[in-house]
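The chain contents come next:
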Amino acid sequence: MMRINKLLTFTGCFLLVTYVYGEDTGTWTTRLDNGMDLILLENHASELAASVICIQAGSRTESRSDNGLSHLLEHLLFDGTRSRSRQELSRAVTSRGGYFNAFTRKDYVCFELVMPSDGISQGLELQADQLLNSTLLPGELSKERKVVCEEIARDINSAYSAADAYLMRYLFGNTGYGLPVIGNYHTVEMISRDEIMRFYKSRYVPNRMTAVVVGDFDPAEILNTLRNLYGPIPAGLEPAGINSRPEFPLRDALETVAAPVDMPYILIAFPAPSLTAPDALEAEAAVRLWAAGEGSILSGFLTGGESPLVSRAESWISHHDGFAILSVGITPNPHPNRTFKEYLDTVTEAVRRSMRTFAETGITEQNLHRTRIGMTVDHQFEQERFNHLARNIAHHHALGAGDLLREYRTRIQDISASGIIKLISGWGDMPCIAIYVHPRPGSAEPGPAPLPDRIPHMKTLSNGMKVIAWSDPTAPLMAYHMLIPVPGNDCPAGLPRIVSEMLDRGTVSMDAETIRDRMADHGIRITLADNPWLPFDDYYNSSEYSYIRMESLESETEASMELLRELTFRSVFPEDQFRKVTQYLSMLGGRKQTRAADLVSDLLNAMLFPDTILARPQIPSPREIAGLDTGNARLFHEKAYHPANCILSIVGNRLPEELFDLAESVFGSQIRPADPQVSPAVAVPTPFRKEIQAPTEQAAIRAAIPVPVEPEVPLMVLAELLSERIQGKIREERGMAYQLGASLRRMKDRSVLIAGASTRSGNISTVETDLRRLIDNFRTETLSEVEIAETINAMIGKEQRYRQRRINRAYYLAWNEFRGAGYSAELKLIDQLRTVTPDALKRIRKSALPSSDSWFWAVVSPVPYGSVEAEPAGDD
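If you're wondering where the values come from, they're calculated on a predicted model, not measured in any experiment.

K.L.:
So what exactly am I meant to see when it comes to the overall build of the protein chain here?
P.N.:
When helices and strands are tallied, the protein chain shows 30 helices and 24 strands. Relative to the compact-globule value of 29 Å for 876 residues, the protein chain shows a C-alpha radius of gyration of 27 Å, a close match. Seen through its C-alpha atoms, the protein chain measures out along the principal axes to roughly 70 × 70 × 70 Å. Burial statistics for the protein chain: of 876 residues in total, 59% are counted as buried. Accessible area for the protein chain stands at about 35,100 Å²; split by element, carbon and sulfur atoms hold 50% of it. Of the charged side chains in the protein chain, 91 are positive and 111 negative, and the gap between their average positions amounts to 3 Å.

K.L.:
Honestly, the pairing of strand 5 (residues 48–55) in this entry has me stumped. Any pointers?
P.N.:
Walk down a regular strand and you will see the side chains alternate between the two sheet faces. For strand 5, the tally of buried residues reaches 8 of 8 residues, placing the bulk of the element in the interior. Across the two faces of strand 5 the burial is the same, with Leu 48, Ala 50, Val 52 and Cys 54 and Ala 49, Ser 51, Ile 53 and Ile 55 all buried. Relative to strand 7 (residues 109–116), strand 5 runs antiparallel, the two being bridged by 8 bridges. Across the sheet, Ala 49 pairs through a bridge with Met 115, a residue of strand 7. The pairing of strand 5 with strand 8 (residues 209–215) spans 7 bridges and is classified as antiparallel. Looking at strand 8, one finds that Ala 49 is bridged to Gly 215.

K.L.:
Got a minute to help me understand the packing of aromatic side chains in this structure?
P.N.:
By convention here, two paired aromatic rings are described through the distance between centres and the angle between planes. The full count for this structure, using the stated rule, is 18 aromatic pairs. An angle of 25° between the planes, with centres 5.9 Å apart, marks the rings of Phe 78 and Phe 111 as stacked. Here Phe 78 is found in the loop between helix 1 (69–76) and helix 2 (86–94), whereas its partner Phe 111 is found in strand 7, with 33 residues between them in sequence. With a relative accessible area of 18%, Phe 78 lands in the buried category. The exposure class of Phe 111 is buried, given its relative accessible area of 1%. Ring plane angle 75° and centroid distance 6.3 Å describe the contact between Tyr 812 and Trp 815, whose orientation is recorded as edge-to-face. Of this pair, Tyr 812 and Trp 815 both sit in helix 28 (residues 806–818), separated by 3 residues, roughly a single helical turn. There is no split in this pair, since Tyr 812 and Trp 815 are both buried. Taken together, the ring pairs in this structure connect Phe 78, Phe 100, Phe 111, Tyr 200 and Tyr 204 into an aromatic cluster. Over the ring of Tyr 812 we find Arg 803; its NZ or CZ atom is 3.7 Å from the centre of that ring.

K.L.:
Just to check I follow, could you spell out the pattern of salt bridges for this structure?
P.N.:
Note on pairing: side chains with opposite charge can pair once their charged atoms come close. Going through the model one piece at a time under the given rule, you end up with 61 salt bridges. Linking Arg 86 and Glu 140 is a salt bridge whose minimum nitrogen-to-oxygen distance equals 3.2 Å. Pair noted here: Arg 86 is in helix 2 and Glu 140 is in helix 4 (residues 138–155), with a separation of 54 residues, a long-range link. Residues Arg 86 and Glu 140 agree in their burial class; the two are buried. Within the structure, one salt-bridge network assembled from shared partners comprises Asp 79, Arg 86, Glu 140, Lys 143, Glu 144, Arg 731 and Glu 732.

K.L.:
In this structure, what is going on with the nonpolar core? I would like to understand it.
P.N.:
Where a protein is soluble and globular, its nonpolar side chains tend to be buried together. By size, the foremost hydrophobic cluster in this structure holds 73 residues, and its most contacted members are Met 482, Ile 526, Leu 563, Leu 648 and Phe 667. Discounting chain neighbours no more than four positions away, the residues touching Leu 563 are Met 510, Ile 515, Arg 518, Met 519, Ile 524, Ile 526 and Met 550. By size, the runner-up hydrophobic cluster in this structure holds 51 residues, among which are Leu 77, Leu 89, Val 93 and Leu 124.

K.L.:
It is not clear to me how the sheet that holds strand 21 (residues 698–707) should be interpreted in this structure. Could you clarify?
P.N.:
The pairing of strands in a sheet happens through backbone hydrogen bonds and is either parallel or antiparallel. Read from one edge of the open sheet, 5 strands run 20-24-21-23-22, paired in mixed fashion. Edge positions in the open sheet fall to strand 20 (689–694) and strand 22 (737–747), since each of these has one partner strand only. Averaged over neighbouring strand pairs, the angle between their axes works out to 15° when direction is ignored. Bridge analysis of strand 21 against strand 23 (residues 750–760) gives 10 bridges, and the strand direction is antiparallel. Note on strand 23: the bridge partner recorded for Pro 706 is Val 752.

K.L.:
Explanation requested: the packing of helix 9 (residues 280–291) against helix 12 (residues 365–381) in the structure shown.
P.N.:
Packed helix pairs are characterised by how far apart their axes lie and by the angle those axes make with each other. With their axes 10 Å apart at the nearest point, helix 9 and helix 12 run at an angle of 110° to one another. By the angle class used here, helix 9 and helix 12 are roughly perpendicular. Considering the relative orientation of helix 9 and helix 12, their crossing is right-handed. Counting all contacts with helix 9, which are made through Leu 281, Glu 284, Ala 285, Arg 288 and Leu 289, the residues of helix 12 involved are Asn 367, Thr 371, Gly 374, Met 375 and Asp 378.

K.L.:
Help me understand the environment of His 44 in this model?
P.N.:
Structurally, His 44 is set in the loop between strand 4 (37–42) and strand 5. By relative accessible area, His 44 is classed as partly exposed at 42%. In this structure the side chain of His 44 is engaged in a polar contact, spanning 2.9 Å, whose partner is the side chain of Glu 42. Polar side-chain contacts of His 44 include one of 2.6 Å to the side chain of Asp 216.

K.L.:
How should the pairing of strand 23 be read in this particular structure?
P.N.:
The buried fraction of strand 23 amounts to 9 of the 11 residues, a majority that puts the element mostly inside the structure. Here strand 22 folds back onto strand 23 in antiparallel fashion, the turn holding 2 residues, of which Asp 749 has a positive phi close to 65°.

K.L.:
Would you mind going over helix 17 (residues 495–502) with me for this structure?
P.N.:
Because an α-helix completes one turn every 3.6 residues, residues spaced three or four positions apart along the sequence face the same direction. Burial runs high along helix 17: 8 of the 8 residues are buried. Where helix 17 is buried, its residues meet strand 18 (545–553), helix 20 (575–592), helix 22 (622–626) and helix 23 (630–640).

K.L.:
What am I meant to see in the side chain of His 637 here?
P.N.:
Along the chain, the position of His 637 falls in helix 23. Here the side chain of His 637 touches Thr 568 through a polar contact of 3.0 Å, landing on its backbone oxygen. When near neighbours in sequence (up to four residues on either side) are disregarded, His 637 contacts Val 499, Leu 503, Thr 568, Phe 569, Arg 570, Ser 571 and Phe 573.

K.L.:
Hey, could you run me through unusual backbone geometry in this one?
P.N.:
Negative phi characterises most residues that are not glycine, and trans characterises most peptide bonds. In this structure, Pro 711 follows Glu 710 across a cis peptide bond, with omega equal to -5°. Topologically, Pro 711 is positioned in the loop between strand 21 and helix 25 (712–733). Of note, Phe 573 is a non-glycine position whose phi angle comes to about 60°, a positive value. Residue Phe 573 is classed as buried on the basis of its relative accessible area, which comes to 1%. For Asp 749, which is not glycine, the phi dihedral falls at a positive 65°. By the element assignment, Asp 749 lies in the loop between strand 22 and strand 23.

K.L.:
Is there a simple way to think about the side chain of Arg 725 in this case?
P.N.:
As for its position among the elements, Arg 725 is in helix 25. Among all residues touching Arg 725, those that are not within four sequence positions of it are Leu 774, Phe 778, Glu 781, Thr 782, Leu 783 and Glu 787.

K.L.:
Honestly, the sheet that holds strand 12 (residues 324–332) in this entry has me stumped. Any pointers?
P.N.:
The strand order across the open sheet formed by 5 strands is 9-13-10-12-11, and the pairing between neighbours is mixed. Only two strands of the sheet have a single neighbouring strand rather than two, namely strand 9 (253–259) and strand 11 (310–319). The sheet shows a mean angle of 20° between the axes of neighbouring strands, direction not considered. Pairing geometry for strand 10 (residues 265–272) and strand 13 (residues 433–439), over 5 bridges, is antiparallel. When the sheet's bridge partners are listed, Tyr 265 is paired in strand 13 with Val 437. Against the sheet, helix 5 (residues 159–172) contacts strand 9, strand 10, strand 11, strand 12 and strand 13, and its axis sits at roughly 140° relative to strand 13.

K.L.:
Looking at this model, I keep getting lost on helix 26 (residues 764–778). Mind explaining?
P.N.:
Its 15 residues place the ends of helix 26 21 Å apart at the C-alpha level, agreeing with the 21 Å of an ideal helix rising 1.5 Å per residue. Of all the positions in helix 26, only Ile 764, Val 767, Glu 768, Asp 770, Leu 771, Leu 774, Ile 775 and Phe 778 are classed as buried. End-on, the buried residues of helix 26 take up no more than an arc of 160°, which puts them together on one face. Looking at the buried side of helix 26, the elements it contacts are strand 20, strand 21, helix 25, strand 23, helix 30 (838–848) and strand 24 (856–862).

K.L.:
For this particular structure, what's the right way to read the confidence of the model for the protein chain?
P.N.:
Do not read the predicted coordinates in detail wherever pLDDT is low. For the protein chain, per-residue confidence averages 88 on the pLDDT scale, and residues scoring 70 or more make up 92% of the total. The secondary-structure element of the protein chain with the lowest mean pLDDT is strand 1 (residues 6–10), recorded at 33, while strand 5 shows the highest, at 97.

Rules used throughout
Residues numbered from 1 in each chain as written. Predicted model: local features only at pLDDT ≥ 70, side-chain atom pairs only at ≥ 80, totals over all residues. Heavy atoms only, no water. Helix = DSSP H or I, 4+ residues; strand = E, 2+ residues; numbered from the N terminus. Rg over C-alpha atoms; globule rule 2.2 N^0.38 Å. Buried < 20%, exposed > 50% of the residue type's maximum accessible area, 1.4 Å probe, protein only. Areas by Shrake-Rupley, 256 points an atom, 1.4 Å probe, with all protein chains shown as cover. Lys, Arg positive; Asp, Glu negative; His and termini not counted. Charge placed at Lys NZ, Arg CZ, Asp CG, Glu CD. Pairing = 2+ DSSP bridges. Phe/Tyr/Trp six-rings, centres within 6.5 Å; stacked < 30°, edge-to-face > 60°. Lys NZ or Arg CZ within 6 Å of the ring centre and 35° of its normal. Salt bridge = Lys/Arg side-chain N within 4 Å of Asp/Glu carboxyl O. Core = buried A, V, L, I, M, F, W, Y, C linked by side-chain atoms within 4.5 Å. Contact = heavy atoms within 4.5 Å. Axes fitted to C-alpha atoms, helices over the stretch in contact; angles between N-to-C directions. Parallel < 35°, antiparallel > 145°, perpendicular 65-115°, else oblique. Left-handed = near helix turned anticlockwise from the far one by under 90°. Polar contact = N/O pair within 3.5 Å; in protein donor to acceptor, adjacent residues only side chain to side chain. Expected span 1.5 Å × (residues − 1). Arc of directions from axis to C-beta. pLDDT = per-residue confidence, 0-100.

Encoded structure:
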């Protein structure tokens, strides 16, 4: 039933209830007497609730002398309170199946928590303890200083980070917005505990806080919980007004910067409407129409033609308090016979000409309609993940734009073509800042939701294609995952990824532009491969298979299935598009050569799985990519992309029987060729250690041991327990690494336990020693029942969070069927985790985990100063 506007009274506090986000949801907003804002949003689609506490902090509130304190303090608040140690605080959340994290931005710091519904009140108490009662113990402070320095070292060779930092310094000088969020080595290492404590006490006060709680809960209960936790805390000093605004130049400012970065990068910036401006949504629509995708006018001016001016271009708007910045990010191509300034001037003028051309061409009603649909679809899908929705609400509230979010769907319909043209035309005529960051010559230094009650079903179509369908009627959304196994072990490195990236570049009946139009017309979202620019998000990639991930509204099911068939089976691989894809992947392949974590993973795969597809990197070197052509792509597509080799899983608001009938009508006409030959299994070699050198600041180490496929779930628990020990020793005690841990890599007919860490070069020997000692001790040390139970609860919560989105559930259905576990394994995982016993873990640990000397060890270390070449990863 739709809620209506009315005034409710809960324990003496008035709350305005407004219908905002959809049917059967309501929003409660209020302000406590001490100035703390509360926003509660009911959503009963999943038995989860998320809390995001937003604090007015961030680098905008800092000066040069305390720059980085907001970020350092974010780390420290996970390290214990007056009543709980770091371990107790973490266990108190994860043992209940919860998850918590935090992030720092220029305008604020956010602490987020996701809990099963029946534990959200306890989770809010833990979150309040974390935020209000931290002790900043000296030992933890010393460790977190090291960890933050590791983060700075990790980011220091990022070309985008360097360009963005230079831009903000140009616009704001040494004021808060001009300072880096992450801080700097000097401040992080030298600022005293007393100064940090004063900073903490001044920022973490109720009148600087907003609590956003989204999900499955009783509003009256949660309101009372928050009032009891935060209401007695007195308000602090009111935040000082910050009126900083960007100072854009009166004429173009073209700057070139030499830095210790991994690749060149160009950042071009214009002023844009803030979130509180009347034309904020016109600006978002303008960027979508002018710059989104390879078919955009921006892309045509920069990446089109026989000799593209640049390799990659994208655009976005970053919003802050009272202002916004339109950015164009560009990965340049080589520019012989031109200076950096000349090339930058040429690129900048091309961007401006693309704006003027767009304004002169105009916007059709159809394209405006597609843009509105796309924005509506994105807004709708944002609600699937409660913590993402809570973040979005907190972000808009922090920037004074809560009204925009509440009126978003209505205001989308008010977007006009004339308003968009006015914005684009204005950008095309105004001065900009353009920054070209290029590598410094000779530099060696870089600077939980339970699964639905209905069960999935599978049917094999007449042409041999497997279809798995799972009905979830909680929202009018559909998710599709087409999994395409790589047949045989003779496939050249990089070819599956190239073919994946080519699927939407042209088919028998549609060119790339028509495909984009079809997606825009129906609000369809497609993912063909991992986004390499987002770290830690590649959960679904493997050398064993390719995939197509598609999402749509339920009303567009038929159109989505038709488009999925077109992309899967009818691609034609145009030569011009092939060149674009291989140029892009060559750039990524070259970038990998300076990234220790990528190189060590490739090295370990080559050691573990010689002469198999698993030994070949998904994105190989530019030289290997250059050896492939459209003939290779078509041959691989014919061999792999046929119905009998594909698994389609669908999760959404339709019954399985209806989806099976639709799949037969859409896909059944595809011809079934002979079944592919299955390559014989290759024996695992004898364990050994190998170290290579690469031109990277960080070092990386990975250790691995093949383990039995069964019993799988207890092995997953063992991997998590080992991961906790690695993180506790190397990160929490020593502060020596940021990306580290252990995991069970589950594949088709095999499993491997992997442990490792990435760290700065001077730490690699110590980290390897620690890893070996931890592995050897783990084989015999006592595992308490409490520790095991808490770890299992944490794993259950994590697995539920991954499956909150339909598209991720669709992946797990197809993946389990592909690897031989059966699609119904998805229904058993949580129950199997709950039945793991200490005795079972003890038996398996003894039989499956040998000493560290029997593991494979792969190490990537930096090239010594003065060296020119590094040994290529994967060579024996």
